[in-house]
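One-letter residues, chain by chain:
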Amino acid sequence: MDRYGPTPAYTPEGGWEMGEPDKLVKTHCCFCGVQCGIQLKVKENKVIGFEPWEEFPVNEGKLCPKGVKRYMQNEHPDRLKAPLMRSESGFREADWDEALSKTVSEIQRVQQTYGKDAVAFLGGASMTNEKAYLNGKFARVALGTRNIDYNGRLCMVSAGAANKMAFGIDRSANPWEDIPKAKVLILAGTNVAECFPILTDYIWRARDNGAKIIVIDPRITPIARTADLYLPVRPGRDSALAHGILHVMIERGWIDETFIAEHTNGFDEVRELVKEYTPEHTEKLTGVPAKNIIAAAELWGTAETSMLLHARGIEHHTKGVENVLSYINLVLATGRIGKPGSGYGTITGQGNGQGGREHGQRCNQLPGGRDINNPEHRNHIADFWGINEPDLPGEGLTACEIIDAIEEGKIKALVSISFNPLVSIPDSARTRAALEKLEHFTTIDFFLSETARHADVVLAGSLQEEDEGTVTTGEGRCVRLRNSVSPAGNARLDWHIIQDLAQRLGAADHFNFENAGEIFSELTRASAGGPIDYSGMSYERIENEMGVFWPCPAPEHPGTPRLFEGGQFAHPDGRAKFHAFPYRPPDEDVDAEYPIFFTSGRVVSQYLSGTQTRRIGALVDQYPEPLCEIHPRLAERLGIGEGDRVRVSTRRGDIEVPAQIVKSIRPDTVFIPYHWPGKKAANRITNRALDPISKIPEFKVCACKVERAQ
Ligand code: SF4
């Protein structure tokens, strides 16, 4: 308590006993894309606790360590309760009219001086579908800028791009309830137990049903400890390993030639590509013993039913899309997709990682998952919004590119919401330099994040429990968030703030929503006929049915929990596509100067950039500060003992943290979680090199040196 400041999460004044709640609100946990059902206990407009929501089918009342503490953020003393404006001595409180007027006048000044695209907008993927839709419309119709993107660019975009390339649509293929029906699971680069915790229960149920579990990861993550086969891949070699497994499957005849011929394109190129990835060659590339590559191929190739699940471990790379496509090749080669217990799932990181990328807040996308470069799609949305197609901006820069363009002086003003790039984007010194160059920066947030401290105007927005709307879970199920309490103090609902800005910018005709339900209604109509079709959904249906899976193109349509049944894929010819990308090394590989791999990730008690979870004392207690995981052999060689402070340096900077000596990491690799700011930020040293397709940074591998700090 002394160390982390006043966190009433421990014990509020007067103790915990606050009597019977006024109401129980059925809603969802905000801390990952499982979106577990939870009932918040509300008394006198405060969230005072929770009850399990056992009827919600995904988690049946279960919650992880973050879920049981999520209610504690509501009454935090750091909560922003009024707009702030920068003054010579720091921030001062302002009234809404002054703060909004300042923002609007600065946007207008910058756009008149430098052009519309000199203002950028950055959104978040933990917000509701309604806000994701509103952000896209606000940027394109009210700001008229092409430079809008979101923090899902740091999260799901490699998976999303690969899904579209392989299947023609961007969504997990199966509902989670298919997982326990699988007889073999591959978990590739997914620390499920810490990052998507409740899904662990589904994997354990599969194991109880006799499933074999293959885990591919440079670290023995908690789920790997119960795996039947663990493949400790060398960081940055994931696609080589997938090619090696497929090589063996083809050689031994463990593929479905009939399915491949009838339902896919491109296999011949892949067959040719993987010829050179013999088990021995693959072992040299990946560090995984040849016999285990063969064992994985046999388990996967001969399975009766199977599912592939993957996450950032294979996606956070300069070849993230190629990695995902290489693993999807393993699925398509068996023909086991679109069936109960057989298919594919991509684990989302953020609370609305799926829905946040569907409704138009990406630089290349319009509502309904439409393509901003497709003339038909552009005309459709321009018509729907009542603007001329030439006035609809084209494709803009991605999130990291926006930060770079600010640093280069091409973008002069930024409006952001629920995005903390100073902690979450690699090479934080560069991000800080960019923020300091802005002529104007307005941010909407509920806590003063590290990034918000660089703003000129901070607009006090809303916590998840203060608003209502929908989110779409990692399995493609759209669920309903209920309002539990009203915004604290003089804070406002996020969508009110965006709409107010739009109206002041002269776009009142396009922004006159009375409530979140009206935004959802417009979102569903905008999506009609698009690849991501929500037009058959309503709040009432979503509540009554405990969520609805898209596509759902009509009110009488049941929704689509399982995609690709009957081998029908979403490409125009109905076929899935294999992709043949040769393995290529990471952007920055180890060398004599920087001989150790560095990788980053999460811990179970923290969420994303930590803005919320670093303020919940009971979560801070579980993992108070970043530690550097290091194998005993490497530690011994470097003269490092448990708890010693170590300096980890890369070409971008260094970080000093205590060592945690563990056998659960490769001896050539060290790991530091990324949830902390400033001198504790792992992203001080990570590599901002981008995947050429998804534009995701290479968080998961770069070259470092490690030494004992003096
Ligand atoms: S698994 Fe995710 S949604 Fe469920 S309680 Fe944990 S953090 Fe919340």
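None of the values given here were measured: they were computed from a predicted structure. (Residues numbered from 1 in each chain as written. Predicted model: local features only at pLDDT ≥ 70, side-chain atom pairs only at ≥ 80, totals over all residues. Heavy atoms only, no water.)

### Let's talk about the site of the ligand
So, step 1. In the vicinity of the ligand, the contacting residues are Cys-29, Phe-31, Cys-32, Gln-35, Cys-36, Leu-63, Cys-64, Lys-66, Gly-67, Pro-197 and Ile-198.
So, step 2. Within the shell around the ligand, the residues separate by chemical class into eight nonpolar, two polar and one charged. (Near = heavy atom within 4 Å. Nonpolar A, V, L, I, M, F, W, Y, C, P; charged D, E, K, R; others polar.)

### Here we look at the packing of helix 6 (residues 238–252) against helix 12 (residues 320–334)
So, step 1. Direction vectors running N to C along helix 6 and helix 12 enclose 20 degrees, while the axes themselves pass 8 Å from each other. Judged on the interaxial angle alone, helix 12 and helix 6 are roughly parallel. Crossing hand, helix 6 versus helix 12: left-handed. In contact with Asp-238, Ser-239, Leu-241, Ala-242, His-243, Ile-245, Leu-246 and Met-249 of helix 6, helix 12 contributes Glu-322, Asn-323, Ser-326, Tyr-327, Asn-329, Leu-330, Ala-333 and Thr-334.
So, step 2. Residues that form the contact of helix 6 with helix 12 fall into these classes: eight nonpolar, six polar and two charged. (Axes fitted to C-alpha atoms, helices over the stretch in contact; angles between N-to-C directions. Helix = DSSP H or I, 4+ residues; strand = E, 2+ residues; numbered from the N terminus. Parallel < 35°, antiparallel > 145°, perpendicular 65-115°, else oblique. Left-handed = near helix turned anticlockwise from the far one by under 90°. Contact = heavy atoms within 4.5 Å.)

### Description of the nonpolar core
So, step 1. In this structure, Phe-138 and Met-249 are the most contacted members of the largest nonpolar core, which totals 140 residues.
So, step 2. Considering every element that reaches this core, the biggest residue donor is helix 12, with nine residues.
So, step 3. Every residue in contact with Met-249, bar those within four places of it in the chain, is listed here: Trp-254, Ile-255, Ala-297, Trp-300, Gly-301, Leu-330, Ala-333 and Thr-334.
So, step 4. In this structure, Val-25, Met-307, Leu-634 and Val-657 belong to the second largest nonpolar core, which totals 67 residues. (Core = buried A, V, L, I, M, F, W, Y, C linked by side-chain atoms within 4.5 Å. Buried < 20%, exposed > 50% of the residue type's maximum accessible area, 1.4 Å probe, protein only.)

### A short note on helix 12
Side chains of residues three or four places apart in an α-helix project in the same direction, reflecting 3.6 residues per turn.
So, step 1. Taking 1.5 Å of rise per residue, the 15 residues of helix 12 would be expected to cover 21 Å, and the 22 Å separating its terminal C-alpha atoms lies within 8% of that figure.
So, step 2. In terms of residue burial, helix 12 counts as a mostly covered element, since 15 of its 15 residues are buried.
So, step 3. Backbone geometry just after helix 12 places Gly-335 at a positive phi near 70 degrees. (Expected span 1.5 Å × (residues − 1).)

### With respect to the environment of Phe-56
So, step 1. Within the secondary structure layout, Phe-56 lies in the loop between strand 3 (46–52) and strand 4 (84–87).
So, step 2. Given a relative accessible area of 1%, Phe-56 falls into the buried group.
So, step 3. Taking the C-alpha atoms as reference points, Phe-56 and Gly-547, separated by 491 residues in sequence, lie 9.3 Å from one another.
So, step 4. Contacts of Phe-56, omitting those with residues within four sequence positions, involve His-28, Gln-35, Cys-36, Gly-37, Arg-477, Val-479 and Met-546.

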